[in-house]
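A closer look at the structure
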Amino acid sequence: MLHPGVFTFVDWRLCVPGDGIPKESCPFINSAATDVEKSQQYDSKSMALFEEEMDTSPMVSSLLSTLANYSNLPTGSKEHEEAENNEEGARPSKKPLGTLMGVYLPCIQNIFGVILFLRMTWMVGIGGVFGSFIIVFMCCSTTMLTAISMSAIATNGVVPAGGSYYMISRSLGPEFGGAVGICFYLGTTFAGAMYILGCIEILLIYIIPQAIALLNNMRVYGTIVLSFMALVVFVGVKYVNKLALVFLACVILSILAVYAGIIKTAIEPPVFPVCILGNRTLLSKSYDVCAKIVELDNETVTTKLWRSFCDSESLNATCDEYFNNNDVTEIQGIPGVTSGILAENLFGNYLEKGMFLEKRGLASNVDPDSPVSNTNRYVLADITSFFTLLVGIYFPSVTGIMAGSNRSGDLRDAQKSIPIGTIAAITTTSTVYMSCVVLFGACIEGVVLRDKFGEGVNGNLVIGTLAWPSPWVIVFGSFFSTCGAGLQSLTGAPRLLQAIARDGIIPFLRVFGHGKANGEPTWALLLTASICEIGIIIASLDSVAPILSMFFLMCYMFVNLACALQTLLRTPNWRPRFKFYHWALSFLGMSLCLSLMFICSWYYAIVAMGIATCIYKYIEFYRAEKEWGDGIRGISLSAARFALMRLEEGPPHTKNWRPQILVLVSVDAEQNVEQPRLLSLTSQLKAGRGLTIVGTSVQGTFLNNYTETQKLMETEKVKGFSQVVISSNLRDGTSHLVQSGGLGGLKHNTVMVSWPHNWKQPEFHQQFRNFIEVVRETTIASLALLVPKNISSYPSNGERFTEGYIDVWWIVHDGGMLMLLPFLLRQHKVWRKCKMRIFTVAQMDDNSIQMKKDLLIFLYHLRIDAAVEVVEMKLEIDSCFLFLQIQSITDSSRGSIRRKNKPTLQPQHSKEEGGSPADKPDDKVNLNQIDVRRMHTAMRLNEVITKKSKEAKLVLLNMPGPPKNRVGDENYMEFLEVLTEGLNRVLLVRGGGREVITIYS
């Protein structure tokens, strides 16, 4: 039965190679059907009603057949193994894995590791049973919550190669996926270094301690082991997989040996004596008998311990003062589970580097004034310990929970096996860890627990002293388990890097997507070994463990984030088979991960976040062309909807007003913008960070021009939105843009349209009439209007003005648009060096001196720096001048007034005004007088503006309102032409009827 949550349907087309649909977006893997095959599929079908749809949509029967035969590509190193098997000959196909072998045991193998055998007892001794239990509980809770989130994501579809990287990238997008994928890769790589260092530590300290004298032994031996493991992975990966069960058996047998030894301590505790001088633990190699002197044949003889602290074997020798003042005591290193030692080990005992390991409860006679000597005879703390250090060292022991999800292609029922197997494995390992904390504290003496390298118990591995039947079971078991874990890390990390490289989201990593003919990631293996060598050079397991903790915690944090977002956004495709999840649990897991990162090491956390941020910005900068339906886009949609609903609550306050511009452009036959400098001017005004819509009207029908509009929207790279309206005529299309542009409260409040420069030519008459209609519509809609004249002379974004002026001619108050626009322009690098000047016109009855003072005060309150000048202008017109102007306007080249005398155009008032020409016989005379006065004003203003602002880089002035009667349109254009004559760059501004600038904060 096909479950709706298993596959993601992106398109109802058959996905054939080369059609541009990515594999992860296509439910049809082997569906490259030819046209002949398709026709055969549809032959003899009685579905004539759907014949046309059959060309692009599959029949339900063929769809179900394709989905039933779907098989995901195996992950991990399975490809290499199958390739080699094919070379050797045909082999029987392997059966799919169940929950036990496919998920549970791989997770157990990856979770149990070197920390359990080498650092667990030390952590209990330093942090105490209470502190260690808190650390284990926090870390195990984090992985359990992450496993719940991961189970939900993994059961929401098929998880191919890449495991956690695939889940995060497809849930949070390529930027987050790439950043977290690289962090997870680095974590896995440093985990390999940690396992190798653990392997070398076991080899040099517990198996062949004679090699300890070699200079830089950890680095030398570590590099040798790393080279050998890399060679094994390169040559024969299938042997690593086959040996995995052997390594797992070593781990399980070692843990069983520990539990058997704990049970035995209740019956017969093992004999591991520890020698204490005063309350200080002595090195086992510094004595043969735990006594200062012994009786031998009725003779008192000094021991090796005496000779270690005294200058001779004689009883009268001069000895160390602390040695003289304190007695030697021999205690049992493992008193047993029934001894009651648990009470002594409940609380922590954190040490500074070089401090003595001291037994609690024993007296110590120390002279505070005497210098400390013979420190090489005692067991000393090798590092300074504190709670957060223990967290960073321990956390790698709970990683490895992704092993099951990485094998989803090999599972019989991944939707069932991944949640059950992963959660069962975490429950098992968490139980083992928590019980070990309590049992170690109940069985082992505190000074032995704090003895990291077993220097006080004859150099034995401390956990080995507890094992039954012999400590060597733990030594060899842990050695082989660390070798196997190191090989697994060197096998998995290159394939993770290869999956990231093949996705193509990080360009400089593409070379690591290539490999051998069978797909083996050769170059990725080389890089992994090189990074792993960095961890080997550090040469300290305690220093490497917090590094990989950071990367794993970051990966787990984003797994939880991905699940929480998908749940909260209620994406229609979010239908996981695993139902026992909740967004609150995911957020709790994410919070725990983030907290543990800073608890472990705040500076490592900052470095890890810095690396992830750099990768995120790199992918974002190169704009990875991937669309995976990620949750971040869902967040954007939800946030946009919420913000739009908030904007609808009321009009914006004057302080929040910013120009949200609808730029009306025209396109040529090739769909290219005819006035590209309009877009340049728009971007220069974007200091207000408002909305920008670039709109155009295309003449034609929607069915024929739809693809052309899509092409225009893709090619115009403007930071804003493109909107195209296809209409039977350009006038209606432009009107629709002005009326319906934007959405809700995010609508334009300003319209920018270019001046129709060829309006006087008869073939362009319709163009200027459309322009005036735009002016009328913006006035009615209370929208501001910007009309740049001579737009081709405006500067591009690459030009710079080193000096000059932006002149504002403030004639009528327009709500402050004339003040605001120069301020916004001067924020841009093109206009930054220009100074601002404001001119205003005083009439006969105005006090020009007082006007200037008031304007300066107004500008001061507006926080705008500008020079101010008041221009006095007389506008009387004598009768002779009136006659000349009438003759000029009624010239045959203009024809506007003459045409008004024609009977057909006689009415010069709208029908709404009522009446007829007969009712108003003086209309023509009044109209001529009004037009002449307007022309005279335009000419006088032009004379003054030209005189004052001839050299200005830009002139802004008020745009007069359009005529109420359409018969005066041509005169209106003539007025504006005369007003701006002789000026290079002019920006006509018409306010929207509201205040856009305020003196208040």
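Per an unreviewed UniProt entry, the chain carries the name Solute carrier family 12 member 5b and comes from Nothobranchius furzeri. The record held by UniProt for the chain lists under Sequence similarities (unreviewed entry) the comment "Belongs to the SLC12A transporter family. K/Cl co-transporter subfamily."

A word on the overall build of the chain
Check the secondary structure of the chain and you find 33 helices and 15 strands. Counting every position in the chain, which comprises 1001 residues, the buried fraction comes to 51%. For the chain, the accessible area works out to roughly 47,600 Å², and carbon and sulfur atoms hold 58% of it.

A few points about the sheet that holds strand β15 (residues 986–990)
Taken in spatial order, the 10 strands of this open sheet run β8-β7-β6-β9-β10-β15-β14-β11-β12-β13, and their pairing is mixed. Each edge of the sheet is formed by a strand with only one pairing partner; in this case those strands are β8 (721–727) and β13 (867–872). The mean inter-strand angle of the sheet, taken between neighbouring strand axes irrespective of direction, is 20°. The pairing of strand β9 (residues 750–753) with strand β10 (residues 784–789) spans three bridges and is classified as parallel.

A word on the state of the cysteines
Across all of its chains, the model carries two disulfides by this definition. Each disulfide pairs two cysteine sulfurs, and for C275 the partner residue is C290, the sulfurs being separated by 2.1 Å. When the S-S torsion is 85°, as for the bridge of C275 with C290, the disulfide is right-handed. In this pair, C275 is assigned in strand β1 (residues 273–277) and C290 in the loop between β2 (280–281) and β3 (293–295), connecting sequence segments 15 residues apart. The class for C275 is buried, based on a relative accessible area of 0%. The class for C290 is buried, based on a relative accessible area of 15%. The disulfide that involves C310 links it to C319, with 1.7 Å between the sulfurs.

Quick word on the sheet that holds β2
Taken in spatial order, the three strands line up as β2-β1-β5 in an open sheet, and their pairing is antiparallel. Two strands in the sheet have a free side with no partner beyond their single neighbour: β2 and β5 (328–332). Of the strand pairs in this sheet, β1 and β2 are connected by two bridges, and their pairing is antiparallel. Bridge pairing links L277 to R280 in β2.

So, the nonpolar core
Counting residues in hydrophobic clusters, the biggest one holds 166 residues, and the most contacted among them are M120, Y394, Y433 and F440. Sort the elements by how many residues they give to this core and helix α8 (residues 174–207) lands first, with 21 residues. Not counting residues up to four positions away in its chain, the partners in contact with M120 are I115, V136, Y394, Y433, C436, V437 and F440.

What about a nonpolar patch on the surface?
A surface patch of nonpolar side chains, about 520 Å² in accessible area, is lined by L594, F598, W602, Y603 and I606. Those elements that place two or more of their residues in the nonpolar patch are α21 (583–600) and α22 (602–621). At three residues, the largest contribution of residues to the nonpolar patch is made by α22. Following the sequence through the fold, Y603 ends up in helix α22.

Some points on the pattern of salt bridges
This structure, assessed with the given rule, holds 13 salt bridges. The closest approach of N and O atoms between K452 and D382, which form a salt bridge, is 3.1 Å. Here the residue K452 occupies a position in the loop between α16 (446–449) and α17 (462–466), and D382 occupies one in the loop between β5 and α14 (387–394), the gap between them amounting to 70 residues. K452 sits in the buried class, given a relative accessible area of 6%. Note that R776 is salt-bridged to E773, the shortest N-O span being 2.9 Å. Placement of the pair is R776 and E773 together in helix α27 (residues 765–780), with a separation of three residues, close to one helical turn. In this pair, the class of R776 matches that of E773, namely buried. Salt bridges sharing common partners tie together R119, E201, D382, K452 and D542.

How each quantity is defined
- Residues numbered from 1 in each chain as written.
- Predicted model: local features only at pLDDT ≥ 70, side-chain atom pairs only at ≥ 80, totals over all residues.
- Heavy atoms only, no water.
- UniProt positions renumbered as here; feature names shortened; annotations may be inferred.
- Helix = DSSP H or I, 4+ residues; strand = E, 2+ residues; numbered from the N terminus.
- Buried < 20%, exposed > 50% of the residue type's maximum accessible area, 1.4 Å probe, protein only.
- Areas by Shrake-Rupley, 256 points an atom, 1.4 Å probe, with all protein chains shown as cover.
- Pairing = 2+ DSSP bridges.
- Axes fitted to C-alpha atoms, helices over the stretch in contact; angles between N-to-C directions.
- Disulfide = S-S within 2.5 Å.
- Core = buried A, V, L, I, M, F, W, Y, C linked by side-chain atoms within 4.5 Å.
- Contact = heavy atoms within 4.5 Å.
- Patch = residues over 30% accessible without salt bridge, like charges linked within 9 Å, V, L, I, M, F, W, Y side chains within 5 Å.
- Salt bridge = Lys/Arg side-chain N within 4 Å of Asp/Glu carboxyl O.

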